Structures are given as structure tokens and as C-alpha cells.
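In case you want the letters, here they are:
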Amino acid sequence: RQMCIRDSSLVDSLTTLIIPEGAQIHFHSGSGLIVGTQASLKIRGSKDNPVVIQGDRLEDFFKDVPGQWDQIVFTQTSTNNEVNHSIIKNGSIGLSVGFTLDPTIETRPSVKIRNTQILNMSYIGLIGIDGSIDAENTVVANCGDHTVALVLGGEYNFKHCTFANYWDNNPRSKATLLLSNFSKSSDGTIFKRDLNAQFSNSILHGALESEFQRERESGVDFNYVFDHMIMKLDTESVENTDHFIGIIENPENALFENPTESDYSLRESSAAINAGKAIGVEFDLIGTFRDANPDLGAYEYLP
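For the structure given in this document, a descriptive report is provided here. Quick caveat, the model's predicted, so the values are computed rather than measured. (Residues numbered from 1 in each chain as written. Predicted model: local features only at pLDDT ≥ 70, side-chain atom pairs only at ≥ 80, totals over all residues. Heavy atoms only, no water.)

If you roll a probe as big as a water molecule over the atoms, it shows you where there is empty space left. There is about 280 Å³ of room inside the largest pocket. D64, N120, N142, Y166, D168, N169, P259, T260, S262 and Y264 together form the lining of the largest pocket. Looking at the lining of the largest pocket residue by residue, the classes come out as three nonpolar, five polar and two charged. Considering only enclosed or pocket space, the second largest pocket measures out at about 210 Å³ in volume. Surrounding the second largest pocket, 13 residues form its lining, M3, L17, I18, I19 and I25 being those nearest its centre. Breaking the lining of the second largest pocket down by element, the ones donating at least two residues are strand 1 (2–5), strand 3 (16–20) and strand 4 (24–27). If one sorts the elements of the lining of the second largest pocket by residue count, strand 3 sits on top with four residues. (1 Å grid on protein atoms, 1.4 Å probe; cavity = no way out; pocket = protein on both sides within 12 Å on 5 of 7 lines; lining within 4 Å. Points joined across faces, edges and corners; volume = space filled by probe spheres on them. Nonpolar A, V, L, I, M, F, W, Y, C, P; charged D, E, K, R; others polar. Helix = DSSP H or I, 4+ residues; strand = E, 2+ residues; numbered from the N terminus.)

For the structure shown, the criterion picks out 15 aromatic pairs. Centre to centre, the rings of F163 and F199 are 6.4 Å apart; their planes meet at 85°, and the pair counts as edge-to-face. One end of the pair, F163, is in strand 15 (residues 162–165); the other, F199, is in strand 19 (residues 195–206), and 36 residues separate them in sequence. Both residues of the pair, F163 and F199, count as buried. With a centroid separation of 5.3 Å and an interplanar angle of 75°, the aromatic rings of F256 and Y264 are classed as edge-to-face. For the pair F256 and Y264, a shared accessibility class is recorded, and that class is buried. Ring pairing ties together the aromatic residues F158, F163, F199, F212, F222, Y224, F226 and F244, which thus form one cluster. (Phe/Tyr/Trp six-rings, centres within 6.5 Å; stacked < 30°, edge-to-face > 60°. Buried < 20%, exposed > 50% of the residue type's maximum accessible area, 1.4 Å probe, protein only.)

Most peptide bonds are trans, and most residues other than glycine sit at a negative phi. In the Ramachandran plot, N137 falls in the positive-phi region, its phi being about 50° despite a non-glycine side chain. Inspection of the secondary structure assignment puts N137 in strand 13 (residues 124–143). For N142, which is not glycine, the phi dihedral falls at a positive 60°. Within the element layout of this structure, N142 appears in strand 13.

With that out of the way, let us pick up the side chain of H205. Along the chain, the position of H205 falls in strand 19. With residues up to four places along the chain from it excluded, the contact list for H205 reads F163, A164, N165, Y166, T176, E211, I230, K232, P251 and L255. (Contact = heavy atoms within 4.5 Å.)

Within the secondary structure, T162 sits in strand 15. For T162, a relative accessible area of 1% corresponds to the buried category. For the pair T162 and S237, spaced 75 residues apart in the sequence, the C-alpha separation amounts to 21 Å. Contacts of T162, omitting those with residues within four sequence positions, involve T138, V139, V140, I203, F256, Y264, G297 and A298. Here A298 takes part through its backbone nitrogen, which lies 3.0 Å from a polar atom of the side chain of T162. (Polar contact = N/O pair within 3.5 Å; in protein donor to acceptor, adjacent residues only side chain to side chain.)

This paragraph deals with the pattern of salt bridges. Across all of its chains, the model carries 13 salt bridges by this definition. Linking R290 and E300 is a salt bridge whose minimum nitrogen-to-oxygen distance equals 3.9 Å. Remark: E300 occurs in the segment after strand 24 (263–266) and R290 occurs in the segment after strand 24; sequence separation between them is 10 residues. Taken individually, R290 and E300 each receive the classification buried, so the pair is uniform in this respect. When salt bridges that share partners are traced, they join R108, D130, E155 and R193 into one network. (Salt bridge = Lys/Arg side-chain N within 4 Å of Asp/Glu carboxyl O.)

Let's shift gears to the nonpolar core. Within the largest apolar cluster, 51 residues are counted, with the highest numbers of intra-cluster contacts made by F158, L179, F199, F212 and F226. With residues near it in sequence (within four places) discarded, L179 still touches L150, L195, F199, F212, Q213, R214, E215, F222, Y224 and F226. Of all hydrophobic cores here, the second largest spans 16 residues; its members include L119, I203, I230 and L255. (Core = buried A, V, L, I, M, F, W, Y, C linked by side-chain atoms within 4.5 Å.)

Let's shift gears to a negative patch on the surface. A cluster of acidic residues, E209, D234, E239 and E249, forms a negative patch on the protein surface. Tracing the backbone shows E239 in the loop between strand 21 (222–231) and strand 22 (244–249). (Patch = residues over 30% accessible without salt bridge, like charges linked within 9 Å, V, L, I, M, F, W, Y side chains within 5 Å. Areas by Shrake-Rupley, 256 points an atom, 1.4 Å probe, with all protein chains shown as cover. Lys, Arg positive; Asp, Glu negative; His and termini not counted. Charge placed at Lys NZ, Arg CZ, Asp CG, Glu CD.)

With that settled, consider the side chain of N115. Along the polypeptide, N115 turns up in strand 12 (residues 110–121). Judged by its relative accessible area of 17%, N115 is buried. Within the structure, N115 has its side chain in polar contact with the side chain of H85 (distance 3.3 Å). Polar side-chain contacts of N115 include one of 3.1 Å to the side chain of N137. In this structure N115 touches H85, S86, E136, N137, T138, D284 and L285, once residues within four positions along its chain are discounted.

Encoded structure:
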């Protein structure tokens, strides 16, 4: 179940590519995967046999080296995509949901993400470009730019997700999370579309003073809600209940067990423990049952 892709590949129009549990996908330098018009990608890993997507250099030296391959692109007209129980690591961009900046195309590519880790990208872990993303129990961490960037609007719903960035390969100036309802083309043209984003029982943290960045244009919606979250902020007022509900701001104690080794499970002293509310996601990323007072993020703490 190992496959090496040396050049960028296309999931052709009106077809579906299914990647089964336990598959090992290795991309060569500069290569990636594009999901085309009315095409679908369904990654169907399992708890015990996740799908692993990474570069094709398997020596120990390369196990955590970012930028070894390009990205997986869900084009603007792809549909019904699924990413389940996957580990996607060491590329330039993990998942890019939306690609064609064409104002005449009104469809949104849809991706459902479950129990997945997107780690160690040289640029961005997860990009939504007027996309539709529904994610649960997902970790996006350790990226050289934004960890998650949601631009040109879109529809987004994140539950029990962990967005964390302690990147140390070179200086990082971009916040872990970017929200924007516009995009500017190379000739200066500004495209604007409605943004609606919901984040629940999740963690937004990193090494910068603030890990949340907003960029807004008037004339289209710019709606976002953070509901029961740990957040690293410096200028946002969490007293604004239109946007912030049940926020733990800038916790001083360490949240994660060992982020330098991509372990984002919770420490015993983490402020995320028992800080959530029941939202119907009964099991965490590795299948641990959540109690009546669930923990924030993708992992439920186990003593």
C-alpha cells in the first residue's frame, strides 16, 4: 500500500479517488495532487491504520524536514471531498481548499476533515479560498507562515480542533489563524465574498503575542464566532460576545505534552482540561471517549 508520486497528479473530472486505510503516499520534491472539476478525493484511514502522506525521503534526517513536496489542491469545482484519520506532513502546503480566483465561479469546494493531523508545512497547513470546510478532531501545527488561512470568504465549521504554531526553523511573523473576506489579484483587483466561520471547543495558540489576524473589506459578510476556546490574543476584546464566548485568553501554563515532537495531547496542568461544553463530538482524535465536561482541542486528557 505504498505509492510514490514523482510528478503532480490529477484526479480527473467526474471521477473519485479513494485512498484506503493504511496507505503510505510519498510525494517527490515539487509534486502534489490536484482534485479537478466535479472530482472527489476520499481519504479513508482508520484509527488503527491511518493514511500517511509525506515526502519520499525516508532517512531519519528527513523525518521532520518541511517543504519536501508541494500540496493537495481541491479546486473550486471539486466536491464531496473527505479526509479521515490521516497524517499529512512535511510539505509546503497541506490542504488547499479552493484554487481558481475566478469571480464567475460561485461554487465552493467542500471538504470534510476528521481525526487528522497536518504537520510541519513550510508555508501553510490548511488554506480555505472561498471554500467549505467542516473539521473535527483535527490538529494543524508547526508551519512557517499561517497555520490556517481562511481567505476570500467561505463557510467554515471547526469543532475540537488544535491550531498551534511554535515554528523555530526561521523567524515567523504571521499569526496562526488568518480570517479574511477578500483577496487581491496581482493587478490589484480586489475580490470579496461572504465569510462565515465557527470555532468550538478548540485551541488557538503559538509563540507570538497574538495568534489571530483579521483582514476585512466592507460590502460582504465577515462573521466569526469563537465558542469555548483557548486563544492567544493581544488586541481583540473577548468581551464582545458577538464573536467570543467562554474564552480562556493567553494561558501561562504549558498546554501540550511535547509539541517539539508533534505531540499535542494535553498536559496534566493544561488549562484546556474540562473547559469545553458538550457539542456532540463523543470521541477524540485517537478514539478516547469525552466526558460531560470535554477538554478543548483534538485530544481528551487521560491521566
